[in-house]
Structures are given as C-alpha cells and as structure tokens.
Amino acid sequence: MKRDGFLLLLLGGVLLIPTVIVPLGPDQCALACAARRMLREHEMTFDLWNMYPASSIMYSVWFSISSSFVGLRVCDVLWQLATTFVLYSVVSRWFDRRVSLASAAAYLLAYVETGFWSYGQTDGLLNLLLLLALGQWHRDTTHVDRRGSFFAGLTFGFALAFRPTVLPFALCWLVMPFDRQARIRSALATLLGVLVVLS
C-alpha cells in the first residue's frame with residue numbers, strides 16, 4: 001500500500017507539476033475574476049454565479065490562499081492528487097492493486113491530456129466529490145454510519161451543484177447490495193446531506 005502510494009505520488013508529480021505554469025483558460029479566468037470581486041470588493045457576479053455556483057465557491061477558497069494563477073494551479077494539482085488517491089482507494093474495494101493502480105494512472109493521464117482548457121475546470125473538480133460519495137455508499141453496505149452517509153450526501157450535493165448532469169450517478173447507490181433496513185437508513189441520511197447543500 002505504501003509502495004502504491006509512492007508510485008502514485010511520483011506519477012502525479014511528474015504529470016501534474018508541469019501544469020503549474022500553464023496559463024488559465026477562459027472559464028478559469030472568469031471564475032478567478034469573480035472570486036476576486038467576491039473576496040476583495042464583496043460583490044457577487046450573479047451571471048457567473050448562476051452558471052457555476054460550486055466552482056465560484058471553490059475558486060473563492062483557492063483565491064483566498066493565493067491570488068496568482070500559479071497558486072490557483074497548485075491548488076488544482078493538490079485537488080487532482082487527492083482525486084487520484086481516492087480513486088485508487090475506491091477501485092481497490094472491488095479489484096486488486098494492479099487494476100487500482102492502472103485506474104488511478106489512467107485518470108492522471110486523461111486529465112493531463114485534456115490540456116489547459118480543462119485544468120481546474122468544473123468537470124475535473126467534481127470527480128473527487130463523486131468518488132467520496134461512492135466510497136461511503138460502499139461502506140454503508142456492510143455497516144451504515146449515518147454521519148458517513150450524511151457526508152456522502154453533502155459531497156454528492158456539491159457535485160450536483162457543480163454539474164446537475166451527474167444525477168444519474170445516483171444509480172450507483174441503487175445497485176449497491178444493501179439489505180432493506182440499511183438502504184432506508186443510508187437513503188435518509190444521504191438525502192438529508194443533499195438537501196442541506198441544495199436548499
């Protein structure tokens with residue numbers, strides 16, 4: 001496990017660190033400008049907020065850490081590294097380490113291959129949230145932790161806020177091998193988390 005983590009960290013560093021000096025794309029520039037207005041001038045860019053509410057929040061958090069484009073890129077690199085490790089963890093619940101490593105490596109390669117237009121883009125940001133929800137739902141099949149299910153609802157709710165088109169991902173929960181009582185408890189806690197985010 002430690003060896004796999006080192007390999008993923010090494011591969012992620014080799015592939016992602018060069019993206020730190022890549023200029024921001026048009027959407028990312030718009031989000032960064034909106035974040036600056038919210039943090040420095042306390043003004044909301046409502047047309048952008050209505051299109052990308054979750055991304056606007058994410059960029060505001062990143063912008064509060066660093067206002068340079070390199071700093072924003074570093075935040076994205078760390079986010080994608082976290083996504084890679086969570087993907088490895090989730091895949092390892094069903095498959096062996098070779099498949100898990102291959103899946104994580106394929107994700108890194110696919111993300112880097114998309115080019116500067118997609119770095120720090122909404123579609124790349126929501127992957128971590130979906131994976132966290134999926135991992136918790138799988139844990140719920142053996143023992144329902146209501147706080148964990150609520151957390152899964154929060155992460156899935158935020159993913160919906162990024163892109164409402166991820167709603168069909170909820171089918172993953174439907175095919176999980178729950179018993180009847182566990183499914184009800186997991187559903188209620190998850191739904192509560194989703195409603196907290198979207199209300």
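Report follows, based on the coordinates. (Residues numbered from 1 in each chain as written. Predicted model: local features only at pLDDT ≥ 70, side-chain atom pairs only at ≥ 80, totals over all residues. Heavy atoms only, no water.)

Overview of the overall build of the protein
- Of the regular secondary structure elements, the protein holds 10 helices and 0 strands.
- Tracing the protein from N to C terminus, the helices and strands come up as α-α-α-α-α-α-α-α-α-α.
- For 199 residues, the compact-globule estimate of 2.2 N^0.38 gives 16 Å, and the C-alpha radius of gyration of the protein, at 18 Å, lies within 12% of that figure.
- Taking the principal axes of its C-alpha atoms as reference, the protein extends roughly 50 × 40 × 25 Å.
- For the protein, the proportion of contacts with a sequence separation of at least 24, taken over those separated by at least 6, is 72%.
- For the protein, the accessible area works out to roughly 10,700 Å², and carbon and sulfur atoms hold 70% of it.
- Counting 16 positive and 12 negative side-chain charges, the protein places the averaged centre of each group 8 Å from the other. (Helix = DSSP H or I, 4+ residues; strand = E, 2+ residues; numbered from the N terminus. Rg over C-alpha atoms; globule rule 2.2 N^0.38 Å. Contact = heavy atoms within 4.5 Å. Areas by Shrake-Rupley, 256 points an atom, 1.4 Å probe, with all protein chains shown as cover. Lys, Arg positive; Asp, Glu negative; His and termini not counted. Charge placed at Lys NZ, Arg CZ, Asp CG, Glu CD.)

Notes on the side chain of Thr122
- Within the secondary structure, Thr122 is located in helix α7 (residues 122-140).
- Looking at Thr122, the relative accessible area reads 0%, which means it is buried.
- Those residues within four positions of Thr122 in sequence are excluded, and the remaining contacts are Tyr52, Ser55, Phe162 and Arg163. (Buried < 20%, exposed > 50% of the residue type's maximum accessible area, 1.4 Å probe, protein only.)

Focus on the pattern of salt bridges
- Overall, the coordinates contain 3 salt bridges when judged by the stated rule.
- Its salt-bridge partner being Asp123, residue Arg163 comes within 3.1 Å of it at the nearest N-O pair. Of this pair, Arg163 sits in the loop between α8 (146-162) and α9 (171-174) while Asp123 sits in helix α7, placing them 40 residues apart in sequence.
- By relative accessible area, Asp123 is classed as partly exposed at 41%. (Salt bridge = Lys/Arg side-chain N within 4 Å of Asp/Glu carboxyl O.)

Remarks on the packing of helix α4 (residues 53-65) against α8
- Interaxial distance between α4 and α8 falls to 6 Å at its minimum, and their mutual angle equals 105 degrees. Judged on the interaxial angle alone, α8 and α4 are roughly perpendicular. Across the interface between the two elements, Pro53, Ala54, Ser55 and Met58 from α4 touch Phe158, Ala161 and Phe162 from α8.
- Class assignment for the residues of the contact of α4 with α8 results in 6 nonpolar, 1 polar and no charged. (Axes fitted to C-alpha atoms, helices over the stretch in contact; angles between N-to-C directions. Parallel < 35°, antiparallel > 145°, perpendicular 65-115°, else oblique. Nonpolar A, V, L, I, M, F, W, Y, C, P; charged D, E, K, R; others polar.)

A short note on the environment of Gly148
- Within the secondary structure, Gly148 is located in helix α8.
- On a C-alpha basis, the gap between Gly148 and Leu174 in space is 17 Å, while along the polypeptide they are 26 residues apart.

Comments concerning the side chain of Asp76
- When you line up the elements, Asp76 lands in helix α5 (residues 69-91).
- Despite its burial, Asp76 pairs with no opposite charge, the nearest such side chain being Arg73 at 4.9 Å.

Some words on the nonpolar core
- If you look at the biggest cluster of nonpolar residues, it comprises 50 residues, and the most contacted ones within it are Leu16, Tyr59, Trp62, Leu125, Trp137, Phe156 and Phe162.
- For this core, the secondary-structure elements that each account for two or more residues are α1 (2-16), α2 (26-41), α4, α5, α6 (97-113), α7, α8 and α10 (180-198).
- Not counting the four nearest positions on each side in its chain, Phe156 is found in contact with Leu130, Ala133, Trp137, Val166, Leu167, Phe169, Ala170 and Val194. (Core = buried A, V, L, I, M, F, W, Y, C linked by side-chain atoms within 4.5 Å.)

Comments concerning the packing of α1 against α5
- Packing of α1 against α5 brings their axes to within 10 Å, and their N-to-C directions diverge by 145 degrees. Taken as a pair, α1 and α5 cross one another with a handedness that is right-handed. Contact residues: α1 offers Asp4, Gly5, Leu8, Leu9, Gly12 and Leu16, while α5 offers Val77, Gln80, Leu81, Thr84, Phe85 and Tyr88.
- In terms of residue class, the contact of α1 with α5 is made up of 7 nonpolar, 4 polar and 1 charged. (Left-handed = near helix turned anticlockwise from the far one by under 90°.)

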